[in-house]
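Fold and contact review
What follows is the residue order along each chain.
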Amino acid sequence: MKVEIVKEEDVVAARQAARQAVVAYKFSLVDQTRIITAVSELARNILLYAVCGWMEYHEVSGPRGKKGLEFVFQDYGPGIIDIDLAMTPGYSTGNGLGLGLSGARRLMDDFAITSHQGEGTIVRITKWLN
Ligand SMILES: Nc1ncnc2c1ncn2[C@@H]1O[C@H](COP(=O)(O)OP(=O)(O)OP(=O)(O)O)[C@@H](O)[C@H]1O
Ligand SMILES: [Mg+2]
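Residues numbered from 1 in each chain as written. Chains lettered and ligands numbered in written order. Predicted model: local features only at pLDDT ≥ 70, side-chain atom pairs only at ≥ 80, totals over all residues.

1. Here we look at the sheet that holds strand S2 (residues 53-61)
- Spatially, S1-S2-S3-S5-S4 is the arrangement adopted by the 5 strands of the open sheet, whose pairing is antiparallel. Every other strand in the sheet has two partners, leaving strand S1 (2-5) and strand S4 (110-116) as the edge strands with one partner each. Strand-to-strand, the axes of this sheet are offset by a mean angle of 15°, without reference to chain direction.
- Judged from the 8 bridges that link them, strand S3 (residues 67-75) and strand S5 (residues 120-128) form a sheet pairing that is antiparallel. Residue pairing in the sheet places Phe-73 in a bridge with Val-123 of S5. (Pairing = 2+ DSSP bridges. Helix = DSSP H or I, 4+ residues; strand = E, 2+ residues; numbered from the N terminus. Axes fitted to C-alpha atoms, helices over the stretch in contact; angles between N-to-C directions.)

2. So, the site of ligand 1
- Around ligand 1 there are 22 residues in total, and Asn-45, Ser-92, Thr-93, Gly-96 and Gly-100 lie nearest to it.
- Those elements that provide at least two residues to the shell around ligand 1 are helix H2 (29-50) and helix H4 (100-107).
- Among the elements that take part in the shell around ligand 1, H2 stands out by supplying 5 residues, more than any other.
- Counted by class, the shell around ligand 1 contains 10 nonpolar, 10 polar and 2 charged residues. (Near = placed C-beta within 6 Å. Nonpolar A, V, L, I, M, F, W, Y, C, P; charged D, E, K, R; others polar.)

Structure (structure tokens):
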């Protein structure tokens with residue numbers, strides 16, 4: 001499932017797609033909220049800092065038959081020069097609180113970010129079913 005993110009309504013669409021997925025996978029209500037919050041933050045970042053990109057998600061399997069959902073956010077925006085700095089709670093180049101990336105990392109089980117200046121950014125987040 002892939003959702004293009006180029007306008008405000010697409011952030012809502014990404015959130016709705018994530019909501020359907022987490023309900024279908026029977027995540028706990030607490031985890032559903034965590035995932036949807038993280039998805040909203042990362043989708044909004046694409047709109048704010050990269051102008052356009054997309055979210056894609058799929059089932060992942062871990063050791064011992066574990067199942068989870070991975071959401072991938074990819075853009076061809078300006079990229080992030082200093083990822084450690086961008087991940088620091090309170091750091092924002094916009095007029096946000098600077099809590100989106102660090103919050104998404106805290107809310108999810110796995111979080112990975114790769115970014116290259118002038119090429120774009122990829123953020124991957126995973127939540128495993130208990
Ligand atoms: N997809 C992206 N492309 C380029 N820069 C990004 C991207 N996502 C985040 N950033 C940079 O990382 C900084 C921190 O992002 P983060 O989401 O943590 O905070 P914020 O968006 O500034 O504020 P908040 O999310 O709390 O409203 C941003 O201010 C921006 O400079
Ligand atoms: Mg943000």
